[in-house]
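A structural walkthrough
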Amino acid sequence: MSLSPLLALTLPTTVPLQGFLAVAAVLFCTGVWGLINSRNAVRVLMSIELMLNGVNINLMAFSSYLDGQLIRGQVFTIFVITVAAAEAAVGLAILLSLYRNRDTVDMERFNLLRW
Amino acid sequence: MSIADSTQFLCFLALSAAVLLGALGVVLLPNIVYSAFLLGGVFLAVAGLYLLLNASFVAAAQMMIYVGAVNVLILFAIMLVNKKETLAAIPGLALRRILSGAVCAGLLGLLLRVDFTTPWALPGPASVGEGATIRIGEHLFSDYLLPFELASVLLLMAMIGAIVLARRDVFSSDVITGEGVDQGLIEKTRTPLLLEKNLQTQPVLEKTP
């Protein structure tokens, strides 16, 4: 293997835990930014899904690196996926109802309860 | 260092790049349909990250539930509410974006600092590897039995709630008094109720000569 020393110079030996956590952090912050700044209500729901996926990556990384025998993080991830599916269904139903009543999906015009 | 390790690392880099670029595309692309398809790509890449973490069952669940159900649901919602509308300009939108971007960057900096400065208790216990599915099943039917059953009740409630919210409710008789509802009201529910332009007069039908 003539390629092996070159790879060993440039790459770490295994994927570090910090790498997964960094990806999850960037994904979560992207989701937060999209949640605040989206004007389309469907995109707000998509941003929530991005944030949930960031949290799930965190749970899975900790479960694999720090809790290898009792993988409780994976069980929590399955529960989070379940709740996310329920949330998506109810959220999109609310969105359809809003669209039927206001004839728009612009978040700035859903201001009936604005103080 | 073996070839398997470097392959794993390269896969991690590729999947991370797919996740991060896809997430940026979901948030920033002007066309919402492209955003929805990119969201499916992000879900698939996250499932790949789960495979790198020795979690084949959760990766399969992610693919079936997120890509197969949630993403399709979002695409259907886009089809149902897809209306070309020109968004009214808001004063101070650019300032708002910059401020929220600064807040999110600060949050990201905080998270990354915690990530890279905390002394994690590594290496932890050895991974169960392929036995993960069996271990998840044991958890779900012993110490996580109550959340498991509650999740089924939650899914049932979400299903009923989504149906109730999304259907166009027209009763043939009044719920309280039992009197019949006239068809004019039923026709009226087809039009949006809370439109701002609700007050303007109906267009007068032109008389045919």
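Scroll up to find the structure this text is about.
Only a predicted model underlies this, so the values are computations on that prediction, with no experimental measurement involved.

Considering the overall build of chain B
- Tallying secondary structure elements over chain B gives seven helices and zero strands in all.
- The helix and strand sequence of chain B, counted from the amino end, reads α-α-α-α-α-α-α.
- Out of the 209 residues in chain B, the part that is buried amounts to 26%.
- Working note: accessible area of chain B is about 13,900 Å², and carbon and sulfur atoms make up 70% of it.

Description of the overall build of chain A
- What chain A contains, in helices and strands, is four helices and zero strands.
- Here chain A holds 115 residues, and the buried ones make up 57% of them.
- Carbon and sulfur atoms provide 70% of the accessible area of chain A, an area that totals close to 4,700 Å².

Overview of helix α3 (residues 41-65) of chain A
Residues and elements named next belong to chain A.
- For α3, with 25 residues, the first-to-last C-alpha span of 37 Å sits near the 36 Å given by 1.5 Å per residue.
- Along α3, 19 of the 25 residues are buried, which leaves the element largely enclosed by surrounding structure.
- Where α3 begins, the side chain of N40 points an oxygen toward the backbone nitrogen of V42, at a separation of 3.1 Å.

Section: the packing of aromatic side chains
- The full count for this structure, using the stated rule, is eight aromatic pairs over all chains.
- Centroid distance F20 of chain A to F12 of chain B: 4.7 Å. Interplanar angle 55°. Geometry classified as tilted. With one member in each of two chains, F20 of chain A in helix α2 (residues 17-37) and F12 of chain B in helix α1 (residues 3-28) form a pair that bridges those chains.
- The exposure class assigned to F20 of chain A is buried, which follows from its relative accessible area of 1%.
- Residue F12 of chain B is classed as buried on the basis of its relative accessible area of 5%.
- A centroid spacing of 5.2 Å and a plane angle of 65° characterise the contact between F141 of chain B and F148 of chain B, whose relative ring orientation is edge-to-face.
- Grouped by ring-pair contacts, the aromatic residues F20 and Y65 of chain A together with F9 and F12 of chain B constitute a single cluster.

Some points on empty space enclosed by the protein
- One pass over the full model with this rule turns up one cavity of 30 Å³ or more.
- Within this model, the largest cavity holds a volume of roughly 40 Å³.
- In this structure, the largest cavity is lined by S63, S64, G68, I71 and Q74 of chain A together with L53, N54, S127, V128, G129 and A132 of chain B.
- For the lining of the largest cavity, the class distribution of residues is four nonpolar, seven polar and no charged.

Points about the pattern of salt bridges
All names here are of chain A.
- Inspection of the entire model under this criterion finds four salt bridges over all chains.
- R39 is the partner of D106 in a salt bridge, and the nearest nitrogen-oxygen pair spans 2.8 Å. One end of the pair, D106, is in the segment after α4 (72-102); the other, R39, is in the loop between α2 and α3, with 67 residues separating them in the sequence.
- For R39, a relative accessible area of 12% translates into the label buried.
- As a salt-bridge pair, R72 and D67 come within 3.1 Å of each other at their nearest N and O atoms.
- Take D67: its relative accessible area is 15%, and that puts it in the buried class.

What to know about the interface of chain A and chain B
- Listed per partner, the contact involves 81 residues of chain A and 90 residues of chain B.
- Together chain A and chain B conceal approximately 8,100 Å² of surface at their shared face, both sides included; 74% is due to carbon and sulfur atoms.
- Counting across the chain A and chain B interface gives one salt bridge.
- One salt bridge in this structure joins E108 of chain A and R96 of chain B, with 3.0 Å as the shortest N-O distance.
- Our count for the contact surface shared by chain A and chain B stands at 13 residue pairs in polar contact (both at pLDDT 80 or more).
- Those elements that place two or more of their residues in the side of chain A that touches chain B are α1 (4-10), α2, α3 and α4 of chain A.
- Looking at the side of chain A that touches chain B, its residues break down into 51 nonpolar, 20 polar and 10 charged.

Some remarks on the side chain of S100 of chain B
- Its place among the elements puts S100 of chain B in helix α4 (residues 93-117).
- Within the structure, S100 of chain B has its side chain in polar contact with the backbone oxygen of R97 of chain B (distance 3.0 Å).
- With residues near it in sequence (within four places) discarded, S100 of chain B still touches W33, I36 and N37 of chain A.

Some words on helix α2 (residues 32-52) of chain B
All names here are of chain B.
- Relative to the 30 Å expected for 21 residues at 1.5 Å per residue, α2 spans 30 Å between its end C-alpha atoms, a close match to the ideal helical length.
- The opening residue of α2, the one whose side-chain oxygen lies 3.1 Å from the backbone nitrogen of V33, is N31.
- Directly after α2, the chain includes N54, whose backbone phi takes a positive value near 65°.

Examining the nonpolar core
- With 66 residues, the main nonpolar core has F20 and M46 of chain A together with L49 and I74 of chain B as its most contacted residues.
- Only α2, α3 and α4 of chain A together with α1, α2, α3 (56-81) and α5 (132-140) of chain B provide two or more residues apiece to this core.

Thresholds, definitions, all that
Residues numbered from 1 in each chain as written. Chains lettered and ligands numbered in written order. Predicted model: local features only at pLDDT ≥ 70, side-chain atom pairs only at ≥ 80, totals over all residues. Heavy atoms only, no water. Helix = DSSP H or I, 4+ residues; strand = E, 2+ residues; numbered from the N terminus. Buried < 20%, exposed > 50% of the residue type's maximum accessible area, 1.4 Å probe, protein only. Areas by Shrake-Rupley, 256 points an atom, 1.4 Å probe, with all protein chains shown as cover. Expected span 1.5 Å × (residues − 1). Polar contact = N/O pair within 3.5 Å; in protein donor to acceptor, adjacent residues only side chain to side chain. Phe/Tyr/Trp six-rings, centres within 6.5 Å; stacked < 30°, edge-to-face > 60°. 1 Å grid on protein atoms, 1.4 Å probe; cavity = no way out; pocket = protein on both sides within 12 Å on 5 of 7 lines; lining within 4 Å. Points joined across faces, edges and corners; volume = space filled by probe spheres on them. Nonpolar A, V, L, I, M, F, W, Y, C, P; charged D, E, K, R; others polar. Salt bridge = Lys/Arg side-chain N within 4 Å of Asp/Glu carboxyl O. Contact = heavy atoms within 4.5 Å. Buried area = accessible area lost by both parts, 1.4 Å probe. Core = buried A, V, L, I, M, F, W, Y, C linked by side-chain atoms within 4.5 Å.

Spatial relationships are all this shows, so hold off on functional conclusions.
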